[in-house]
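Given next are the chains, with one letter for each unit.
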Amino acid sequence: EDQVTQSPEALRLQEGESSSLNCSYTVSGLRGLFWYRQDPGKGPEFLFTLYSAGEEKEKERLKATLTKKESFLHITAPKPEDSATYLCAVQGGTGNQFYFGTGTSLTVIP
Amino acid sequence: DVKVTQSSRYLVKRTGEKVFLECVQDMDHENMFWYRQDPGLGLRLIYFSYDVKMKEKGDIPEGYSVSREKKERFSLILESASTNQTSMYLCASSLSGASGPQHFGDGTRLSIL
């Protein structure tokens, strides 16, 4: 079954405490993996696209990496403004569909 | 910069009403999508469209219909609103072709009383 699983569901970090979020997938024929940030009451905001294993993308304190079965979103020295839900989506499968994970809720405590 | 605009941020309607949610994108994207997002269930696809006047059912189309008369506009219609359709509704668009991200609007928080 094609699916995307994110872990942990929730993560609390102290300001400056680096960590990683995980997105594992069983979707066949990967066409792209996408990371989004979603603030409460707003739509998901696109962050990164990864297309092939070994690829990395960076933006400020965020770095996304991709292997054949999973992706990691590394957060280095997070700040309270990084608090949000981070969603992972995979495009692929027989119908070239999008599959979304249920997200990781990140809280960064000052 | 990409822009997907949903007509209302908050909407309150009554059971049995016909409800229209509007979405407009200014990126000339071929693909448009409607999702609902509920706590613990994530994003669930209601309908999508790959071209003007074309529509495809997603995972949960029951109780909904859509209309796409122009490339930039995709409307979601709740034929007879029910309380279990209270949710956050998100519209998204993307380019056709091989692959690429979907870009989302800010959502409509719909409450059915």
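Attention in this report is confined to the structure presented alongside it. (Residues numbered from 1 in each chain as written. Chains lettered and ligands numbered in written order. Predicted model: local features only at pLDDT ≥ 70, side-chain atom pairs only at ≥ 80, totals over all residues. Heavy atoms only, no water.)

## Comments concerning the pattern of salt bridges
Once the charged atoms of two side chains with opposite charge are near each other, the side chains can pair. Residue and element names in this part refer to chain B. Overall, the coordinates contain 10 salt bridges over all chains when judged by the stated rule. Between Arg-44 and Asp-38 there is a salt bridge whose closest N-O contact spans 2.8 Å. For Lys-53, the salt bridge identified is with Glu-69, shortest N-O distance 2.4 Å. One end of the pair, Lys-53, is in the loop between strand E5 (42-49) and strand E6 (56-57); the other, Glu-69, is in strand E7 (residues 64-70), and 16 residues separate them in sequence. Judged by its relative accessible area of 60%, Lys-53 falls in the exposed class. Linked by salt bridges that have partners in common, Asp-28, Glu-30 and Lys-71 make up one network. (Salt bridge = Lys/Arg side-chain N within 4 Å of Asp/Glu carboxyl O. Helix = DSSP H or I, 4+ residues; strand = E, 2+ residues; numbered from the N terminus. Buried < 20%, exposed > 50% of the residue type's maximum accessible area, 1.4 Å probe, protein only.)

## Here's the deal with the sheet that holds strand E6 (residues 56-59) of chain A
Residues and elements named next belong to chain A. Spatially, E1-E3-E8-E7-E6 is the arrangement adopted by the 5 strands of the open sheet, whose pairing is antiparallel. The open sheet has two edge strands, strand E1 (4-7) and E6, and neither has a second partner. Geometrically, the sheet is characterised by an average inter-axis angle of 15° between neighbouring strands, direction not taken into account. Bridge count between strand E7 (residues 62-66) and strand E8 (residues 70-75): 5 bridges; the pairing is antiparallel. Looking at E8, one finds that Thr-65 is bridged to Phe-72. (Pairing = 2+ DSSP bridges. Axes fitted to C-alpha atoms, helices over the stretch in contact; angles between N-to-C directions.)

## Section: the interface of chain A and chain B
Listed by partner, the interface residues are 17 residues for chain A and 19 residues for chain B. Carbon and sulfur atoms supply 55% of the area that chain A and chain B bury against each other, a total of about 1400 Å² over both sides. Scanning the region where chain A abuts chain B turns up 0 salt bridges. With 3 residues, strand E4 (residues 32-38) of chain A is the single largest residue contributor to the side of chain A that touches chain B. Here the side of chain A that touches chain B is built from residues that sort into 8 nonpolar, 7 polar and 2 charged. (Contact = heavy atoms within 4.5 Å. Buried area = accessible area lost by both parts, 1.4 Å probe. Nonpolar A, V, L, I, M, F, W, Y, C, P; charged D, E, K, R; others polar.)

## Thoughts on the pairing of E4 of chain A
Residues and elements named next belong to chain A. Counted residue by residue, E4 has 7 buried out of 7 residues, so it is predominantly covered. Residues Gly-32, Phe-34, Tyr-36 and Gln-38 of E4 are buried on one face, and the alternating residues Leu-33, Trp-35 and Arg-37, pointing to the opposite face, are buried as well. Inspection of the sheet shows E4 paired to strand E9 (residues 84-92) by 7 bridges, in the antiparallel sense. Counted as the bridge partner of Phe-34 is Ala-89 from E9. Bridge analysis of E4 against strand E5 (residues 45-50) gives 5 bridges, and the strand direction is antiparallel.

## Quick look at the sheet that holds E7 of chain B
All names here are of chain B. Ordered in space as E1-E3-E8-E7, the 4 strands form an open sheet in which the pairing is antiparallel. The sheet terminates laterally at strand E1 (4-6) and E7, the two strands that pair on one side only. Strand-to-strand, the axes of this sheet are offset by a mean angle of 20°, without reference to chain direction. Two strands pair when backbone bridges link them, and strand E3 (residues 19-25) and strand E8 (residues 73-78) are joined in this way by 6 bridges, in the antiparallel orientation. Paired with Glu-22 across the strands is Ser-75, a residue of E8.

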